[in-house]
Amino acid sequence: MPEKPILRIENLRKSFGGTEIIKGISLEVLPREVVVIVGPSGTGKSTLLQCINLLTRPTGGRIWLADREITAPGVNVNRIRQRIGMVFQEFNLFNHLTTLDNVTIGLTRVLGMKADEARRKGRFELDRVGLSDHADKYPAQLSGGQKQRVGIARALGMDPAIMLFDEPTSALDPELTGEVLNVMHKLAREGMTMLVVSHEMGFAREVAHRIVFMEAGFIVEAGPPQQLFEAPRSERARQFLSMIARSHNGADSPEDQRGRVADDATRKP
Amino acid sequence: MNEFFIFFQTIIPELLQGTRVTLKIAGGALFIGFAVGLPTALIRVYGSPWLQLIVTGYINIFRGTPLLVQLFVVYYGLPDLGLTFSRLTAAYLTLGLNSSAYQAEYFRGAIQSVGEKQMVAARAIGMSRFKAIRYIILPQAFRLVMPSWSNEMISIIKYTAVVFLIAVPDLMGKAKMVSSRYFAPISTYIIVALIYLVIVGLATLILRYVGKRFETPGLESMETATR
Amino acid sequence: MDPRLHGDDKKPEISTFYDSIKTETPQEKSGRPGQDEASFVGASATTFHVTHQEAMSVLSRSLLTVLQYLIPGIGITVSVTLIALTIGLVIGTVMAVLRIYGGRFLSPVAAVYSIVVRAVPVVVIIFILFFVISELVDLSPFLSGAIALGFASGAYQSEIFRGAILSVPPGQMIAARAIGMSRFTAIRSIILPQAVRLAIPAWSNEFTLVLKDSTLVYVIGVPELLRRAQWVSARTLEPFLAFGTAAAFYIVFTLLASRLLGTLERRYKIIM
């Protein structure tokens, strides 16, 4: 039975000044689906995510969240953003708030939840990302990997319909990426709908249902990981993937990466 | 030396009366400066281009002219335009607006160093612009602005010392009366200097304590240019 | 006590804009307009026949008078500022060096100077030094004022230079000593030249501060811009025009000063 998509993007365009960054992208994400967007940097992947939760206004095209067109005029953007979780490359944690308060501030100030209820929910989300012991620390006292997990917990707290990840591990030291990818892996298993921009090929191969290869503002090719990694149809995708494999040779080659993620996953509670 | 102590005892009650006025004016000016300066800073950062231009002009006028000139314009000059203030009101108003321009710059610096990313993250969880400023940007800006704000407080205490020139009976005003009554300007003004030293010393200690209390890891301090 | 000190007791006559336009009909003014609201309203009512052109020509005539008075004050304001800054520069540099390298006896002296002087309003320092100097030597208020302002600025400048010296990397001193320089030579030819450049932004700020604080020598009767504005306001009975014009001069000066020092800053920036 064909499911209704949670996110539907139709011919999306975005330009800054005179230059068009996104040149007509159409994409659907089904419930519980994990879609990983790959592609060279500067091809509009992050801009695409920012358009989806309306942090930047698209110049053309339409976006639906479930049945609702969010690009329609008069839509309350704050309402929409509550339903779309966003995880940033640089975490962007609120520096003046403890780990727990980073999660609860959206609950109390945006959703209007009672303080103790919000705290219970906040602790639950911190537990989900394995950080319940760090609830009272400030962002400056956490490692990069822990910060990013708080970032994920903060987004999860709002019970989003879909989570957007904007290169969640690329600001991290290599030895810290595992803990974040683990959490994301766990979320995927729990059935969270996720749209991930990432260079972590191991994660993409292991977790994604579908890979989207983007270049120069277009979707060049999309398909299941098997197909895209083993037998890419387009020359550009083939070149890009072999370049990534070469440059990440050693600890970060796709094979090793997959091994590490799987290994970490079994080690984690 | 003994003579100096006797003189000290004779004039100190009157000087303390003036000190009370000095502290009141400083407190009032800081309050006005905050009440006007914070919105000014917010407009300076988040306002429309036109409003930003107006606000920048306001800030530059008050920061580009001497306080004493401002005081004379307000007290002697504005009546020409039909705006008349009592001496005390003129003192509060001038020092307050003057401080607001400096405070606005300190707040602007602090808000800008909180950074655009915090705003983006707040908007991403569905906060309105207003809520993001209220709950995310300003709490951080307040912590960052503490060192400059402390300096501003000290500056304002010291700058109140010009209000006697429009005959406000502050510490300096009283000192002037006393010194001409006893023909002892040097001793009088040395005692005045000591009183300011004590006030500023106490204020520094209090501010240091308050600053410690609100310390947050990662938001330690930010030194901006102060006067 | 110098009678000039009490110059500020005699406030200039205050009048309204309309009062001052009808200069042909001199009228007894009784103090500030706030105290005689009735006469103010009456005055404005009787002057409605003054046409726009007439008002403008009277205004430009007053402006001319104001400028005649103020322009000689520019030189005084600028010289007081420059003398004070120079004195402050010398005191500030010496005190900063003593504070850091002065050892157990001289370092506390420099610290006390800086802390005490910065805790006391500049006006108070001007008063004290003016009276102390006039007990010792016969100096004009102009020179006493400039010296007092320089003495005060020295404390602020010592903090600026101290911060700058401390932000010169410690390796610089070690490297200088390693090639055989004496401590004094190292400070003079390695540390200070770098510190001076690092200090330019803060020093520019101090420049405009001293420029603005130069109005404070008003209290000892130096005929600088503000004092002259007061004189002319007593003559034209248009204090807003007089003090407003003075304010405009200061804005121009502070803008010019920060432009100039900005250029200096860009030129002597060290890349570290």
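Residues numbered from 1 in each chain as written. Chains lettered and ligands numbered in written order. Predicted model: local features only at pLDDT ≥ 70, side-chain atom pairs only at ≥ 80, totals over all residues.

Novice: I tried to follow the overall build of chain C on my own but got confused; where do I start?
Specialist: When helices and strands are counted, chain C shows 10 helices and 0 strands. Scanning chain C from its N terminus toward the C terminus, one meets helices and strands in the order α-α-α-α-α-α-α-α-α-α. The buried share of chain C, taken over its 272 residues, is 42%. (Helix = DSSP H or I, 4+ residues; strand = E, 2+ residues; numbered from the N terminus. Buried ≥ 20, exposed ≤ 12 C-beta atoms within 10 Å, placed from the backbone.)

Novice: What exactly am I supposed to notice about the interface of chain B and chain A here?
Specialist: When the parts come together, some accessible area is lost, and that loss is often what is quoted as the size of the interface. At the interface, 20 residues of chain B touch 23 residues of chain A. Secondary structure elements with two or more residues in the side of chain B that touches chain A: helix H5 (116-124) and helix H6 (129-159) of chain B. Grouping the constituent residues of the side of chain B that touches chain A by class yields 10 nonpolar, 6 polar and 4 charged. (Contact = placed C-beta atoms within 7 Å. Nonpolar A, V, L, I, M, F, W, Y, C, P; charged D, E, K, R; others polar.)

Novice: Which parts of the structure should I look at to understand the confidence of the model for chain C?
Specialist: One rule of thumb: low pLDDT means the predicted coordinates there are not for detailed reading. All names here are of chain C. Per-residue pLDDT for chain C averages 81, and the proportion of residues at 70 or more is 79%. When pLDDT is averaged over each element of chain C, helix H6 (residues 141-166) comes out on top at 95 and helix H1 (residues 17-21) at the bottom at 34. Confidence drops under pLDDT 50 across residues 1-47; counting only partners more than four residues distant or on other chains, this segment forms 58 contacts. The ipTM assigned to the predicted complex is 0.91, against a pTM of 0.82. (pLDDT = per-residue confidence, 0-100.)

Novice: Any chance you could explain the environment of glycine 74 of chain A here in plain terms?
Specialist: All names here are of chain A. Tracing the backbone through its elements, the reader meets glycine 74 in the loop between strand S5 (68-69) and helix H2 (77-82). A residue is classified by how many C-beta atoms lie within 10 Å of it, and glycine 74, with 4 of them, is exposed. Note: C-alpha distance between glycine 74 and glycine 144 (70 residues apart in sequence) is 38 Å.

Novice: Could you clarify how one ought to interpret the packing of helix H1 (residues 2-46) of chain B against helix H8 (residues 185-213) of chain B in this entry?
Specialist: The angle between the axes and the distance between the axes are what describe a pair of packed helices. All names here are of chain B. For the pair H1 and H8, the least separation of the axes is 10 Å and the interaxial angle reads 55 degrees. One finds that H1 runs oblique with respect to H8. Crossing handedness for the pair H1 and H8: right-handed. In this structure, H1 contributes Phe4, Phe7, Phe8, Ile11, Leu15 and Thr19 to the contact, and H8 contributes Ser187, Thr188, Ile191, Val192 and Ile195. (Axes fitted to C-alpha atoms, helices over the stretch in contact; angles between N-to-C directions. Parallel < 35°, antiparallel > 145°, perpendicular 65-115°, else oblique. Left-handed = near helix turned anticlockwise from the far one by under 90°.)

Novice: I keep staring at the nonpolar core and nothing clicks. Help me out?
Specialist: The nonpolar side chains of soluble globular proteins are, as a tendency, buried together. In this structure, Leu71 of chain B together with Val124, Ile125, Ile126 and Ala246 of chain C are the most contacted members of the largest nonpolar core, which totals 211 residues. Aside from chain neighbours lying at most four places away, what touches alanine 246 of chain C is Val69 of chain B together with Leu70, Leu225, Leu226 and Ala229 of chain C. (Core = buried A, V, L, I, M, F, W, Y, C linked by C-beta atoms within 7 Å.)

Novice: Is there a simple way to explain the pairing of strand S10 (residues 218-223) of chain A in this structure?
Specialist: The two faces of a sheet get side chains in turn, since along a regular strand they alternate between them. Residue and element names in this part refer to chain A. Two strands pair when backbone bridges link them, and strand S9 (residues 210-215) and S10 are joined in this way by 5 bridges, in the antiparallel orientation. Bridge assignment links valine 212 to a residue of S10, and that residue is alanine 222. Connecting S9 to the antiparallel partner S10 that follows it, the hairpin turn spans 2 residues, and alanine 216 within it adopts a positive phi of roughly 50 degrees. (Pairing = 2+ DSSP bridges.)

Novice: Which parts of the structure should I look at to understand the interface of chain C and chain B?
Specialist: Each side of the interface is counted separately: chain C has 40 residues, and chain B has 35 residues. Within the residue set of the side of chain C that touches chain B, elements represented by two or more residues are helix H4 (103-119), helix H5 (122-136), helix H8 (183-213), helix H9 (225-236) and helix H10 (239-267) of chain C. With 10 residues, the single largest contributor to the side of chain C that touches chain B is H10 of chain C. In terms of residue class, the side of chain C that touches chain B is made up of 29 nonpolar, 7 polar and 4 charged.

Novice: Just checking my understanding: could you explain H6 of chain C for this structure?
Specialist: Side chains of residues three or four places apart in an α-helix project in the same direction, reflecting 3.6 residues per turn. All names here are of chain C. Counted at 1.5 Å a residue, the expected span for H6 with its 26 residues is 38 Å, and the 37 Å between its end C-alpha atoms agrees. At glycine 154, H6 shows its largest kink, close to 25 degrees. Taken across its 26 residues, H6 has 20 buried, putting it largely inside the fold. (Expected span 1.5 Å × (residues − 1). Bend = angle between axes of the 7 residues up to and from the residue.)

Novice: Teacher, can you tell me more about the environment of leucine 30 of chain B here?
Specialist: Residue and element names in this part refer to chain B. Looking at the element boundaries, leucine 30 is found in helix H1. The class for leucine 30 is buried, based on 22 C-beta atoms found within 10 Å. Look past the residues within four positions of leucine 30 in its chain and what remains in contact with it is Ser99, Met153 and Ile156.

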